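An overview of the molecular structure
Each chain, letter by letter, is given below.
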Amino acid sequence: MELCATAPGEGRLGDATVMRTASVSAFEPEAAQALMRALGPGPFALVMIFAAPRAPLEDIARAARAWPGAKCVIGCTTAGEITGAGYAEDEIVGIGLPAELFEAEIMAIPDLARIGGRDMVGDMTQIRQRLEGRRRDWPSEFAMLLVDGLSRREDALAAALSAGIGRVPLFGGSAGDGEAFGETRVLIDGVWQQDAAVLAFVRTACGASVFNLDHFDPTEERMIVTEADPEARVVRRLNGEPAAREYARVLGFDHAQLSAFTFAAHPLVVRIGGRHHVRAIQRIGEAGELIFYAAIDEGMVLSLAEPRDIAQHLDAAFEEMAREAGPPAAILAFDCILRRLEATEKQMGGQMSAVLRKHRIVGFSTYGEQMNGLHVNQTMTGVALYRP
């Protein structure tokens with residue numbers, strides 16, 4: 001698919017920008033205002049802001065409340081950013097969907113401890129009907145979720161949303177806090193919130209393809225969860241043995257060798273709906289239990305997975321996408337922090353950034369990803385946008 005020449009981070013059709021992007025240092029004076037200027041005047045159906053934890057969050061919130069030419073402004077804190085240059089740290093990324101090509105409405109979910117599935121289904125149905133009524137001639141629609149990454153409610157939320165999402169493909173990302181795992185926030189209605197989420201419904205004149213990918217292959221090594229606390233995402237025993245020690249034994253490692261990099265390079269996967277999904281380990285608890293990024297229940301069969309070359313796999317995945325539907329004009333992606341950690345440990349960060357630049361991918365690193373009715377880990381998920 002032929003694209004007109006653009007500035008970095010943009011995809012254009014004639015004089016219509018498919019997606020505008022900008023990024024500024026989190027430490028730049030008046031960074032929020034600088035981002036606003038860099039993104040341009042709009043008008044935008046939706047503006048997304050992905051901010052490093054050390055960014056001036058209150059300044060960003062004030063800017064969001066008064067963003068000129070933007071119908072909706074949402075965002076979250078990150079575990080790293082993806083800019084036009086690739087992987088980045090301590091940046092603020094702004095993404096604008098032009099009103100000429102997009103319609104959007106958002107649904108705030110302010111209290112994840114009390115997810116009201118029935119009420120949400122009604123609200124979601126009404127939003128979808130309004131968007132379809134306004135732009136019945138536009139061919140594509142998708143939904144995007146941003147959720148507090150330390151809420152431990154992403155599994156329940158994704159399941160609840162699946163009842164009202166209908167045929168609309170959904171992707172999402174869990175807000176991050178670098179590698180600190182201390183405090184994550186979501187920007188809704190100009191306020192940074194915790195234990196909250198925001199769902200954006202988008203209808204567009206562009207082609208849109210929602211995707212989810214990972215670079216792991218399951219092995220024949222399997223473990224059964226024999227003691228767990230699903231709500232806390234804790235596994236105490238695998239195969240009847242203390243979880244961390246049994247995981248290390250299957251790997252052929254000493255228990256003391258386990259680290260975040262080990263977990264990133266050797267995840268566990270579970271088979272759901274005909275394909276394997278990663279259930280990534282976050283850390284080891286004080287009693288030798290394994291604490292995961294997603295819910296794990298007793299009786300679940302987990303397979304050890306081994307990685308392919310992460311940069312080659314990512315490049316091949318988007319080359320295949322381009323062969324099937326033509327090169328996307330722009331790609332918005334949510335990428336798990338564990339993928340970044342793996343690339344860093346293997347000294348492949350530069351290669352990953354080169355692939356991200358090549359395919360014009362922007363977004364942020366997450367504490368987890370959502371795909372339709374599932375909360376998943378160690379994947380990249382997002383949407384590829386094509387010229388109308």
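Heads up: these notes are all about the structure in this document. (Residues numbered from 1 in each chain as written. Predicted model: local features only at pLDDT ≥ 70, side-chain atom pairs only at ≥ 80, totals over all residues. Heavy atoms only, no water.)

Some words on the pattern of salt bridges
In total, this model carries 25 salt bridges according to the counting rule given. A salt bridge links Glu103 to Arg134; the shortest N-O distance between them is 3.4 Å. In this pair, Glu103 is assigned in strand β8 (residues 102–109) and Arg134 in helix α3 (residues 117–134), connecting sequence segments 31 residues apart. Overall, Arg134 belongs to the partly exposed group, its relative accessible area being 37%. Through salt bridges with shared partners, one network takes in Lys71, Glu103, Glu105, Arg130, Arg134 and Arg135. (Salt bridge = Lys/Arg side-chain N within 4 Å of Asp/Glu carboxyl O. Helix = DSSP H or I, 4+ residues; strand = E, 2+ residues; numbered from the N terminus. Buried < 20%, exposed > 50% of the residue type's maximum accessible area, 1.4 Å probe, protein only.)

Section: the sheet that holds strand β26 (residues 374–376)
Pairing is mixed across the open sheet formed by six strands, whose spatial order is β8-β13-β9-β10-β25-β26. The outermost strands of the open sheet, each flanked by one partner alone, are β8 and β26. Neighbour-to-neighbour, the strand axes of the sheet open up by a mean angle of 20°, direction not taken into account. When strand β9 (residues 140–147) meets strand β13 (residues 197–204), the two strands line up antiparallel, connected through eight bridges. (Pairing = 2+ DSSP bridges. Axes fitted to C-alpha atoms, helices over the stretch in contact; angles between N-to-C directions.)

Description of the nonpolar core
Ranked by size, the top nonpolar core spans 39 residues in total, and within it Leu46, Met48, Phe50, Met144, Leu146, Phe171 and Leu332 carry the most contacts. Counting 25 residues, the second-largest nonpolar core is a separate cluster that includes Ala34, Ala55, Ala70 and Val73. (Core = buried A, V, L, I, M, F, W, Y, C linked by side-chain atoms within 4.5 Å.)

A short note on the packing of aromatic side chains
Evaluation of the coordinates by the stated rule reveals nine aromatic pairs. Ring geometry for Phe211 against Phe318: centres 5.3 Å apart, planes inclined by 85°, an arrangement best described as edge-to-face. Residue Phe211 is located in strand β14 (residues 207–213), and its partner Phe318 is located in helix α7 (residues 310–325); the two are separated by 107 residues in the primary sequence. Judged by its relative accessible area of 1%, Phe318 falls in the buried class. Both rings, one in Phe334 and one in Phe364, keep their centres 4.9 Å apart while their planes meet at 55°; by these two values the pair is tilted. Separated by 30 residues along the polypeptide, Phe334 in strand β23 (residues 330–336) and Phe364 in strand β24 (residues 361–366) bring together distant segments of the chain. Residue Phe334 is classed as buried on the basis of its relative accessible area of 0%. Classification of Phe364 as buried rests on a relative accessible area of 0%. Every member of this aromatic cluster is reached through a ring pair, and the members are Phe50, Phe142, Phe171, Phe334 and Phe364. (Phe/Tyr/Trp six-rings, centres within 6.5 Å; stacked < 30°, edge-to-face > 60°.)

A word on the side chain of Glu81
Mapped onto the elements, Glu81 comes out in strand β5 (residues 81–83). Lacking a salt bridge, the buried Glu81 has Arg340 as its closest oppositely charged neighbour, with an N-O distance of 6.0 Å. For Glu81, the side chain forms a polar contact with the main-chain nitrogen of Glu91, separated by 2.9 Å. (Lys, Arg positive; Asp, Glu negative; His and termini not counted. Polar contact = N/O pair within 3.5 Å; in protein donor to acceptor, adjacent residues only side chain to side chain.)

Considerations on helix α4 (residues 154–165)
If you check α4, its first and last C-alpha atoms are 16 Å apart, about what 12 residues at 1.5 Å a residue would give, namely 16 Å. Here α4 has its buried residues at Glu154, Asp155, Leu157, Ala158, Ala160, Leu161, Gly164 and Ile165. (Expected span 1.5 Å × (residues − 1).)

Digging into the sheet that holds β5
One open sheet accounts for six strands, arranged β6-β5-β24-β23-β27-β14; its pairing is mixed. At either end of the open sheet lies a strand with only one pairing partner, and these are β6 (86–88) and β14. On average, adjacent strands in this sheet sit at an angle of 20° to one another, irrespective of strand direction. Across three bridges, the pairing between β5 and β6 is antiparallel. When the bridges of β6 are listed, Ile82 appears paired with Tyr87. Sheet contacts for helix α8 (residues 337–345): β5, β6, β14, β23, β24 and β27 (380–386); angle to β23, the most-contacted strand, approximately 80°. (Contact = heavy atoms within 4.5 Å.)

Spatial relationships are all this shows, so hold off on functional conclusions.
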